[in-house]
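Residue-level structure breakdown
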Amino acid sequence: MKAIKNIILGGMVLISLSSCNDLLEIDPVNSMIPKSVEDYEDVLLGAYPDNEFFMKTEMMTDNVAVNPNGYGDMRRDYVPWYTWADSHQSDGEEYDSYWGELYRSIFYANTIIDDFNEKEVLPEDQELFETIKGEAHAIRALSYFYLANLYAEPYSSENLAKACVPFSITTEDLHERTQNNTRESVEVVWNLIVADLEEASKLLAGKRPNTKVRFNYLSVEALRARVYLYMDNLDAAISSSSKVIAIYKPWDMNNIQDIIDSENEPLEYLFTGERGVMDTGYQEDVLFSMCTNGGSRGAGGNIYYYSRGLQKPSEDLFNCFIEKGVESDTIFDYRRYIFESFADTETYYGKQTGKTVYNMYSFQGPRHPYIGIKLGEVILIRAEAYARKQLNTKAIDDVKLLMKKRIQTDHFADYETMIDAETDVLARVLKERRKETAFDGGLRWFDLRRLGKPALTHADKEGSVFELKKGDLRYVLQIPISEQKHSPNMILNPR
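Read on for an overview of the structure. In this convention, every chain numbers its residues from 1, walking through the sequence in written order. Two thresholds apply to this predicted model, a pLDDT of at least 70 for residue-level local features and 80 or more for giving and counting side-chain atom pairs, whereas whole-chain, interface and lining totals are computed over all residues. Calculation of side-chain values draws on the structure's entire complement of heavy atoms; hydrogens and water are dropped beforehand.

Let us look at the packing of helix α1 (residues 37–47) against helix α3 (residues 97–118). Their axes nearest at 8 Å, the elements α1 and α3 cross at an angle of 155°. With respect to α3, the element α1 is oriented roughly antiparallel. Regarding α1 and α3, the two cross each other, and that crossing is left-handed. Along the contact surface, α1 presents Tyr40, Val43, Leu44, Gly46 and Ala47, while α3 presents Arg104, Ser105, Tyr108, Ala109, Ile112, Asp115 and Phe116. Side-chain classes are defined by residue name, with Ala, Val, Leu, Ile, Met, Phe, Trp, Tyr, Cys and Pro counting as nonpolar, Asp, Glu, Lys and Arg as charged, and the others, Gly among them, as polar. Along the lines of polarity and charge, the residues of the contact of α1 with α3 split into 8 nonpolar, 2 polar and 2 charged. Note on geometry: axes are C-alpha line fits, over the in-contact stretch for helices, and angles between N-to-C directions span 0 to 180 degrees. Every helix listed is a DSSP run of H or I at least four residues long, and every strand listed is a run of E at least two residues long, numbered separately from the N terminus. These descriptions rest on fixed angle ranges, namely under 35 degrees for roughly parallel, over 145 for roughly antiparallel, 65 to 115 for roughly perpendicular, and the rest for oblique. Each helix crossing is assigned a hand: it is left-handed if the near helix lies turned anticlockwise from the far helix by less than a right angle, otherwise right-handed if that turn is clockwise. The contact rule is simple, with two residues in contact once any of their heavy atoms fall within 4.5 Å.

Aromatic contacts are taken between Phe, Tyr and Trp rings whose centres are within 6.5 Å, Trp giving its six-membered ring; a plane angle under 30 degrees counts as stacked, one over 60 as edge-to-face, and the others as tilted. Inspection of every chain in the model, using the stated rule, returns 36 aromatic pairs. Here the aromatic rings of Phe53 and Phe54 are separated by 4.9 Å at their centres, their planes lie at 80°, and the arrangement is edge-to-face. Buried means the residue's accessible area, taken with a 1.4 Å probe over protein chains only, is under 20% of the maximum for its type, while exposed means over 50%, and partly exposed covers the values in between. Among the residues examined, Phe54 registers a relative accessible area of 1% and is labelled buried. Ring geometry for Phe145 against Tyr146: centres 5.6 Å apart, planes inclined by 85°, an arrangement best described as edge-to-face. A relative accessible area of 0% places Phe145 in the buried class. By definition here, charges over rings are those cases where NZ of Lys or CZ of Arg is within 6 Å of the ring centre and within 35 degrees of the ring normal. For the cation-ring pair, Arg104 lies above Tyr108, with the distance from its terminal atom to the ring centre recorded as 5.1 Å. Its guanidinium or amino end placed over the ring of Tyr230, Arg450 lies 4.8 Å from that ring's centre, counting from NZ or CZ.

On to the pattern of salt bridges, then. For salt bridges, the criterion is a side-chain nitrogen of Lys or Arg within 4 Å of an Asp or Glu carboxyl oxygen. Tallied over the entire structure, the rule returns 41 salt bridges. For the salt bridge of Asp398 with Arg382, the shortest nitrogen-to-oxygen distance reads 2.8 Å. Taken as a pair, Asp398 in helix α13 (residues 392–403) and Arg382 in helix α12 (residues 375–388) lie far apart in primary sequence, 16 residues in all. Both residues of the pair, Asp398 and Arg382, count as buried.

Before going further, it helps to examine the environment of Gly441. Along the chain, Gly441 falls in the loop between α15 (425–437) and α16 (443–450). Assessed through its relative accessible area of 1%, Gly441 is described here as buried. C-alpha of Gly441 to C-alpha of Glu118: the two residues are 323 residues apart in sequence and 35 Å apart in space. Setting aside residues no more than four positions away along its own chain, Gly441 makes contact with Phe54, Tyr146, Met290, Ile371 and Phe446.

Bringing the nonpolar core into the picture now. Membership of the largest hydrophobic core comes to 139 residues, with the highest contact counts inside it found for Tyr144 and Phe215. A per-element tally of this core places helix α4 (residues 126–151) first, with 14 residues. Working definition of a nonpolar core: buried Ala, Val, Leu, Ile, Met, Phe, Trp, Tyr and Cys residues. They are joined through side-chain atoms within 4.5 Å.

This part takes up the side chain of Arg214. Mapping Arg214 onto the fold places it in the loop between α5 (186–204) and α6 (217–230). Pairs of N or O atoms within 3.5 Å make up the polar contacts considered here, provided that, within protein, one atom can donate a hydrogen while the other can accept it, and that residues adjacent in sequence are counted only when both atoms are side-chain atoms. In terms of polar contacts, Arg214 uses its side chain to reach the side chain of Glu41, at 3.0 Å. A distance of 2.8 Å separates polar atoms of two side chains, one belonging to Arg214 and the other to Glu135. Residues within four places of Arg214 in sequence aside, it is in contact with Glu41, Leu44, Leu45, Tyr48, Thr131, Glu135, Ser219 and Phe288.

The subject of this paragraph is the side chain of Gln352. Summarising the element assignment, Gln352 is placed in helix α11 (residues 348–353). If we skip the residues at most four places from it in the chain, Gln352 touches Asn67, Asn69, Gly70, Tyr71 and Arg308.

Among the secondary structure elements, Gly206 is positioned in the loop between α5 and α6. Between the C-alpha atoms of Gly206 and Tyr217, which are 11 residues apart in sequence, the distance is 7.5 Å.

A helix is expected to reach a length of 1.5 Å times the quantity of its residues less one. Helix length check: α5, at 19 residues, gives a terminal C-alpha distance of 27 Å against a target of 27 Å (1.5 Å per residue), a fit within 8%. Residues Val186, Val189, Trp190, Leu192, Ile193, Asp196, Leu197, Ala200, Ser201, Leu203 and Leu204 constitute the buried set of α5. Directly after α5, the chain includes Gly206, whose backbone phi takes a positive value near 85°.

Shown next as structure tokens:
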């Protein structure tokens, strides 16, 4: 390693991605060098993305709408996302924090992988060495997965030769990457994601999990299942997801009823302040968490929290949870509590709150990381893969496996009868996927991209309507302005 040896502080790599800079401009701050394997574990902790890099994408989907009675105006930096502007960056804003955060993680991961490829390891350090290296490969794969799904066309046979994102798998050429960068192809970047996850899986197999904010063997397999689904490698998606499902069982949301019954307060105040749905036991379904900082307060600082603000979960999303069964008027889905405000919309403050909120995380209570990957997604990955292979019975069995723990117990038989009678199994799977993964890690935006880029409309507080046409070029974010400035020959995304 040549470029990294003088930028360690207290055993941790510190890098500064300047607010007006380019792909990876490194600001050396100290000369302490990691020597032991334990030193590199500190470097690894800095490699995990710490700031949110996905929640604004939800604003570009059908999961978010403006409450016209909401308080105040939409923040200036939110407007380009909600209106599908040609650039997601506000006027005068050069630095893209999403781009910067992900390339920061790639730099950290490359540092570890490069140094470990040259490092001699004592037998007593072998297990920790493999764990750290495995996690570094997983972090790099996660970062490129997000970059590829934000700034390039979706993976498909037609898009393999198209420009993806700048590509770096080593820190050797670090200082050469601060300008005049080029974009590798979709095929090259996705092949690296697959290779990194394969290596991570091999290295982490048999290792004891540390914590949910770090990758382990099963959370890597869950990420592999997601990647394979997006690549339409259905058999591989089934294989990886099955490894996870064999070990974990979904948490039963019927347990929320005990909390409701024990509280002597209106439902409007049940999941506010110091408690979110995540605090009910639902956190057991999370396989991998990310972004403990999340900007300021962890996930409690997310931009959709239960307030009287403008941007809200859409009624289109909320209505997905309202289904009429054969025997009952409404099949009760406990996931409604994540999105229902229970506000009296006839009152002044109730109108400002609106019908929907986002109750997943507490706002004033313990700091939560964001959901990175959870078991419900993995179950529905396998269900979707089965449905696309026309193995409909297996697909519906997976839907039932999850929904038995989401639907009120007394209503599950009615739900089961309803979906058994449906003929479009894939549509049912995709509906449950939208409900289960709403606001999780930007997945809805990525799903809309891979599922045909449908037409969408948004309205602002004044009633002005904005349209994203089917197949719209704006389904791909533009290369950041700072990168355009320092790499003037880089291919830009068409508009």
